[in-house]
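Notes for the structure review
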Amino acid sequence: MPFPAHRSARQRHAIVMLALAALAALAFAGCSGESGPSQVERDAQAKREAAAAAAAAVYERTLREARETRLANLQRPDGWLSLVGLHWLKPGNSFVGSGATKGVRIAVGPEELGLIRLERDGTVTFRATAGVGVTYDGQPAGRGTRPLITDADGATPTVVGFNQGDASFIVVKRGESYGLRVRDALAPTRTRFAGLDYFDTAPAFRFDARFEAHPPGQTIKIVNVMGLEEAMANPGVVVFQKDGVEYRLEAVDEGDGRLFLIFADRTSGHESYPAARFLYADKPAANGGTTVVDFNRAYNPPCAFTEFSTCPMPPPSNRLDLRIEAGEKKPRPLLASS
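All of the points below concern the structure found in this document. Numbers given for residues are sequential positions, taken from 1 along each chain in its written order. Side-chain atom pairs in this predicted model are given and counted only at pLDDT of 80 or more, local residue features only at pLDDT of at least 70, and totals for whole chains, interfaces and linings cover all residues. Each side-chain value is worked out from all heavy atoms of the structure, with water and hydrogens disregarded.

**Some details on the overall build of the chain**
Helical segments are the DSSP runs of H or I of at least four residues, strand segments are the runs of E of at least two, and each set is numbered from the N terminus. The secondary structure content of the chain amounts to three helices and 18 strands. When each of the 338 residues of the chain is scored for burial, the buried share is 39%. Contacts are assigned to residue pairs with any non-hydrogen atoms lying within 4.5 Å of each other. Taking the contacts inside the chain whose residues are at least 6 apart along the sequence as the reference set, 55% of them involve residues at least 24 apart. Residue-level accessible areas treat just the shown protein chains as cover; the underlying method is Shrake-Rupley with a 1.4 Å probe. Carbon and sulfur atoms make up 53% of the accessible area of the chain, which totals about 19000 Å². Throughout this description, buried means an accessible area under 20% of the type-specific maximum (1.4 Å probe, protein chains only), exposed means over 50%, and partly exposed covers the range between.

Here is the structure:
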């Protein structure tokens, strides 16, 4: 806009100088960042946001893949959903079969499957009845008596198969007792399984936890769902904070060096399975090191799906006064039979 005619040359000059000064001040403010971040800063922030989004996508993918693997393992013909029996053995001879007069009466298979023997020293042998199609680890049983490897012998237990491979049993040891764990691929708990539910992914329940080691050789007493007590290796405790409160979880070692965490929380019996949930974490190389405790990876024990498992329960110290709204929820009801 032109200057009014009544302005003198001096006045017009003063006005121009004031305008130029204002423009210079604005330019200086822009360079100093007072009016917002510079282009370099905006580029750096964009890179940080892109990196964070990429990391979140990778995390979501690995979590999804882990859950898909868990579901596939549960639904395997010989997975936890196929359990149909847990039968404790008495010392001496017992006939195994579905017949009413058998000493070990199982829910599936021929009337007589064979003769099992438990020695006082824990040795278990089996002689298959001729003509019923028994296999040992997928190979025809043949005639004669065969020793069976149990799950306490430090090796893969012998799988005794029958019913054309749909059913099987292994020998398990719990405390001082030995039993037959029987599976059937056609069990309703498997064929009518309705899937798994989870809390929404919650970054707030993924912690960098401190590991406090116990003296070498320390154990902790763990009670299972049958009421049997077992001393398990207790390498240390993991410590994390949530909303300014410190929480501690005693860890056990099942023999693979990882930290196995058995816990219950304020969602137990409500949104999540009442008895317990399980979680693994890596063991730090040194005392006082940190490990990731990610409750988004928490999952239900086998006893959430079948009454024929022997799940460990949380020690009293691992019952947390905290709602852990992350990980696997309680199981769905079975689908209706067709």
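**What about the sheet that holds strand 11 (residues 177-184)?**
By definition, two strands form a pair when at least two bridges between them are found by DSSP. Ordered by their spatial adjacency, six strands build an open sheet running 1-11-10-9-6-7, and the pairing between neighbours is antiparallel. A single partner strand is all that each edge strand has here, and the edge strands are strand 1 (83-88) and strand 7 (139-140). Pairing between strand 6 (residues 135-136) and strand 7: two bridges, direction antiparallel. The partner of Tyr 136 across the bridge, within strand 7, is Gln 139.

**Some details on the pattern of salt bridges**
Any Lys or Arg side-chain nitrogen located within 4 Å of an Asp or Glu carboxyl oxygen qualifies as a salt bridge. Summed over all chains, the structure comprises 18 salt bridges. With a closest N to O distance of 2.8 Å, Arg 117 and Glu 119 form a salt bridge. Judged by its relative accessible area of 31%, Arg 117 is partly exposed. Several salt bridges share partner residues, and in doing so they unite Arg 210, Glu 212, Glu 246 and Arg 248 into one network.

**Examining the packing of aromatic side chains**
When the centres of two rings from Phe, Tyr and Trp lie within 6.5 Å, Trp using its six-membered ring, the rings pair. Their planes under 30 degrees apart give stacked, over 60 give edge-to-face, and anything left gives tilted. Following the criterion strictly, the structure yields 11 aromatic pairs and no others. With centroids separated by 5.2 Å and ring planes inclined at 80°, the aromatic side chains of Phe 263 and Phe 295 adopt a geometry described as edge-to-face. Of this pair, Phe 263 sits in strand 16 (residues 259-263) while Phe 295 sits in the segment after strand 18 (290-294), placing them 32 residues apart in sequence. Accessibility expressed as a relative area gives 0% for Phe 263, which makes it buried. Each member of the aromatic cluster is reached from another via a ring pair, and the members are Phe 205, Phe 207, Phe 240, Tyr 247, Phe 263 and Phe 295. Charge over a ring is defined by NZ of Lys or CZ of Arg lying within 6 Å of the ring centre and within 35 degrees of the ring normal. Across from the ring centre of Phe 95, 5.5 Å away, lies the NZ or CZ of Lys 102, which sits over that ring. Directly above the ring of Tyr 280 sits Arg 258, whose terminal nitrogen or CZ lies 3.8 Å from the centroid.

**Examining the sheet that holds strand 5 (residues 124-128)**
Read across the sheet, five strands follow the order 3-2-4-5-8 without closing on themselves; strand pairing throughout is mixed. Of all strands in the sheet, those with a lone pairing partner are strand 3 (104-105) and strand 8 (145-147), marking the two edges. In the sheet, strand 2 (residues 92-97) pairs with strand 3 via two bridges, with the strands oriented parallel. Across the sheet, the residue bridging to Gly 97 is Arg 105, located in strand 3.

**A look at helix 2 (residues 39-74)**
Within an α-helix, residues lying three or four positions from one another point in the same direction, as the helix has 3.6 residues per turn. Each residue after the first adds 1.5 Å to the expected span of a helix. In this model helix 2 runs 52 Å from its N-terminal to its C-terminal C-alpha over 36 residues, within 8% of the 52 Å that 1.5 Å per residue would give. For helix 2, the full list of buried residues reads Tyr 59, Leu 63, Arg 67, Arg 70 and Leu 74. Lining the buried residues of helix 2 we find strand 12 (206-213) and strand 18.

**As for the nonpolar core**
Residues grouped as a nonpolar core are buried Ala, Val, Leu, Ile, Met, Phe, Trp, Tyr and Cys residues, joined through side-chain atoms within 4.5 Å. Core analysis: the largest hydrophobic core is formed by 25 residues, its most contacted members being Ile 116, Phe 126, Leu 148, Phe 169 and Leu 180. Looking at this core, the elements that each hand over two or more residues are strand 4 (114-118), strand 5, strand 9 (160-162), strand 10 (167-174) and strand 11. Leu 148 has contacts with Ile 116, Val 124, Thr 125, Phe 126, Tyr 136, Asp 153, Thr 158, Val 160, Phe 169 and Val 171, leaving out every residue within four places of it along the chain. The next biggest cluster of nonpolar side chains, apart from the first, holds 22 residues, and it includes Phe 205, Leu 259, Leu 261 and Ala 326.

**Some thoughts on the environment of Asn 163**
Looking at the element boundaries, Asn 163 is found in the loop between strand 9 and strand 10. In this structure the C-alpha to C-alpha distance between Asn 163 and Asp 184, which are 21 residues apart in sequence, comes to 8.9 Å.

**Quick look at the pairing of strand 15 (residues 245-253)**
The pairing of strand 14 (residues 229-242) with strand 15 spans eight bridges and is antiparallel. In the sheet register, Gly 236 faces strand 15, and the bridge partner there is Ala 251. Adjacent in sequence and paired antiparallel, strand 14 and strand 15 are bridged by two residues, among which Asp 243 carries a positive phi angle near 55°. One ladder, built from two bridges, connects strand 15 with strand 16; its direction is antiparallel. Residue pairing in the sheet places Ala 251 in a bridge with Leu 261 of strand 16. Hairpin remark: strand 15 followed by strand 16, antiparallel, with five residues in the connecting loop; positive phi at Gly 255, about 115°.

**Overview of the environment of Glu 176**
Looking at the secondary structure, you find Glu 176 in the loop between strand 10 and strand 11. Between the C-alpha atoms of Glu 176 and Gly 122, which are 54 residues apart in sequence, the distance is 8.7 Å.

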